[in-house]
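# Secondary and tertiary structure notes
Spelled out, the chains give:
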Amino acid sequence: MSETVPSLCQAYNPYFPIGAAVSPRSLEVQRDLLVHHYNSLTAENCMKPESVQRVEGIFTFGDADTLADFAREHRMKLRGHTLVWHSQTPDWFFEAGEGNDGGVAEPEALLARMEAHIGAVVGRYRGAVYAWDVVNEAVSDSGPELLRTNSRWGAILGDDYLLHAFQFAHATDPAALLFYNDYNECETGKRDRIVAMLKGLLARGAPIHGFGMQGHWGLSSPPLDSIRASIEAYAALGLMVQVTELDISMYEWSHGPSDLTEPTAEMLDAQTKRYGEIFAIFREYRDVITGVTFWGASDDHTWLDNFPEKGRKNWPFVFDTEHRPKKSFRTILP
Ligand code: GLA
């Protein structure tokens, strides 16, 4: 890492921590970049239910422990992601026990599994993880219902499952900051549903401290006004706001396949402008924004290389595939 490149997280010390989502492999291949520029980490996958409890009662914490050790060694914050989600969660959670193959779990059984899972995972990282994404992506994309209808958590436990999840997490680690995390968080309809859902939870006394705006954004969407209005809407609930999964795709959602092997100059310019505008807004809301995490660290590794188009290279970060700062890096420096 060149000495002349200022540290991104140091530059942001007066504002908020700067995070990256990481895997066991990225802790090795992106090590120097991570240590120099980031002071917060999130597990890209290795703390999800399918990673830590693939089989009921058998916990596999190896990769998550490696991550926690790395964060401690380098004095970085650690966000926990995620405890209760409709995706990347083994089927056994939702199935009836032995002798009832094919059946659906009774609500009491599913709730007990939720409690055991949260107790074990939050308990293991008490004092190491300072903030948990307790529930991920529970809200409906289209309405009219508030909650998505394809979550087996909701189908079996009803809407109360969110309240239980926050209560279990708080009981296990009363000092941890507890977040609800979701995407399309700046789209008006979804934002209204998220706000209504959070209001309901807060009215019932749920121990919830923040909203995580995932921030999987594009070069032109969501519009800056929507980002601003959304931060304000979530903060108006009395919650802190974190940007938890930021990346700026080079493609429109509808773009289709591409065989580009490098970003065009136009793409890089548009991304630089966009990053500058977005971080100016984040700095403006420093009173309510308590963290900004990218969903990766540099352009050599991003889930967007395979989503929504498999094998379409994308360059969503402010460091390139060789870990060198892009123009967008300069433009986000305060
Ligand atoms: C969602 C989840 C993350 C991750 C990303 C894409 O936003 O919250 O855990 O799966 O999608 O990789």
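Residues numbered from 1 in each chain as written. Predicted model: local features only at pLDDT ≥ 70, side-chain atom pairs only at ≥ 80, totals over all residues. Heavy atoms only, no water.

## Things to note about the overall build of the protein chain
Scanning the protein chain for helices and strands turns up twelve helices and nine strands. Relative to the compact-globule value of 20 Å for 334 residues, the protein chain shows a C-alpha radius of gyration of 20 Å, a close match. Dimensions of the protein chain, computed from C-alpha atoms along their principal axes, come out at roughly 60 × 40 × 40 Å. Within the protein chain, the proportion of its 334 residues that are buried is 53%. Here the analysis covers contacts within the protein chain between residues at least 6 apart in sequence; of these, 75% occur between residues at least 24 apart. Accessible area of the protein chain: about 14,200 Å², with a carbon and sulfur share of 50%. Placing the 30 positive and 46 negative side-chain charges of the protein chain at their respective mean positions leaves the two points 5 Å apart. (Helix = DSSP H or I, 4+ residues; strand = E, 2+ residues; numbered from the N terminus. Rg over C-alpha atoms; globule rule 2.2 N^0.38 Å. Buried < 20%, exposed > 50% of the residue type's maximum accessible area, 1.4 Å probe, protein only. Contact = heavy atoms within 4.5 Å. Areas by Shrake-Rupley, 256 points an atom, 1.4 Å probe, with all protein chains shown as cover. Lys, Arg positive; Asp, Glu negative; His and termini not counted. Charge placed at Lys NZ, Arg CZ, Asp CG, Glu CD.)

## Some details on the pairing of strand β5 (residues 177-182)
Burial runs high along β5: five of the six residues are buried. Inspection of the sheet shows strand β4 (residues 131-136) paired to β5 by five bridges, in the parallel sense. When the sheet's bridge partners are listed, Asp-133 is paired in β5 with Phe-179. In the sheet, β5 pairs with strand β6 (residues 210-213) via four bridges, with the strands oriented parallel. Pairing of Tyr-180 across the sheet is with Phe-211, part of β6. Taken together, β5, helix α9 (residues 188-203) and β6 form a β-α-β motif whose crossover is right-handed. (Pairing = 2+ DSSP bridges. Right-handed = clockwise from strand over helix to strand, strands pointing away.)

## Some thoughts on the side chain of Ser-26
By the element assignment, Ser-26 lies in helix α2 (residues 24-29). Apart from the residues lying within four places of it in its own chain, the contact partners of Ser-26 are Arg-31 and Leu-34.

## A few points about the site of the ligand
Surveying the vicinity of the ligand reveals the residues Lys-48, His-81, Trp-85, Gln-88, Asn-136, Glu-137, Gln-214, His-216, Glu-245, Trp-295 and Trp-303. At 2.9 Å from an oxygen atom of the ligand is found a side-chain nitrogen or oxygen belonging to Asn-136. Its free accessible area being 300 Å², the ligand has 88% of it covered by the protein chains. Partitioning the shell around the ligand into residue classes produces three nonpolar, five polar and three charged. (Near = heavy atom within 4 Å. Polar contact = N/O pair within 3.5 Å; in protein donor to acceptor, adjacent residues only side chain to side chain. Nonpolar A, V, L, I, M, F, W, Y, C, P; charged D, E, K, R; others polar.)

## Considering the packing of aromatic side chains
Applying the stated criterion across every chain yields a total of 24 aromatic pairs. When the ring of Trp-217 is compared with that of Phe-282, the centres are 6.3 Å apart and the planes differ by 45°; the resulting orientation is tilted. A residue pair is termed long-range when its members are at least 10 positions apart, and Trp-217 in strand β7 (residues 216-217) and Phe-282 in helix α11 (residues 265-284) qualify at 65 residues. The class of Phe-282 is buried, set by a relative accessible area of 0%. An aromatic cluster of three or more residues is present, and its members are Tyr-12, Tyr-15, Phe-16, Tyr-38, Trp-217, Tyr-275, Phe-279, Phe-282, Phe-294, Phe-317, Phe-319 and Phe-329. (Phe/Tyr/Trp six-rings, centres within 6.5 Å; stacked < 30°, edge-to-face > 60°.)

## Side note on α11
For α11, built from 20 residues, the straight-helix expectation of 28 Å at 1.5 Å per residue is met to within 8% by its first-to-last C-alpha distance of 29 Å. Inspection of α11 places Met-267, Gln-271, Thr-272, Arg-274, Tyr-275, Gly-276, Ile-278, Phe-279, Ile-281, Phe-282 and Arg-283 among the buried residues, and these make up the whole buried set. Where α11 is buried, its residues contact β1 (18-22), β7, α10 (224-235), β8 (240-248), β9 (289-294) and α12 (327-332). (Expected span 1.5 Å × (residues − 1).)

## So, the packing of α10 against α11
Helix-helix packing: each pair is described by the crossing angle between the helix axes and the interaxial distance. Axis separation between α10 and α11 bottoms out at 11 Å; the angle between their running directions is 20°. Accordingly, the angle class assigned to the pair α10 and α11 is roughly parallel. Both α10 and α11 take part in a crossing whose hand is right-handed. The segment α10 lies against α11, with Leu-224, Ile-227, Arg-228 and Ile-231 engaging Arg-274, Glu-277, Ile-278, Ile-281, Phe-282 and Glu-284. For the contact of α10 with α11, the per-class residue count stands at six nonpolar, no polar and four charged. (Axes fitted to C-alpha atoms, helices over the stretch in contact; angles between N-to-C directions. Parallel < 35°, antiparallel > 145°, perpendicular 65-115°, else oblique. Left-handed = near helix turned anticlockwise from the far one by under 90°.)

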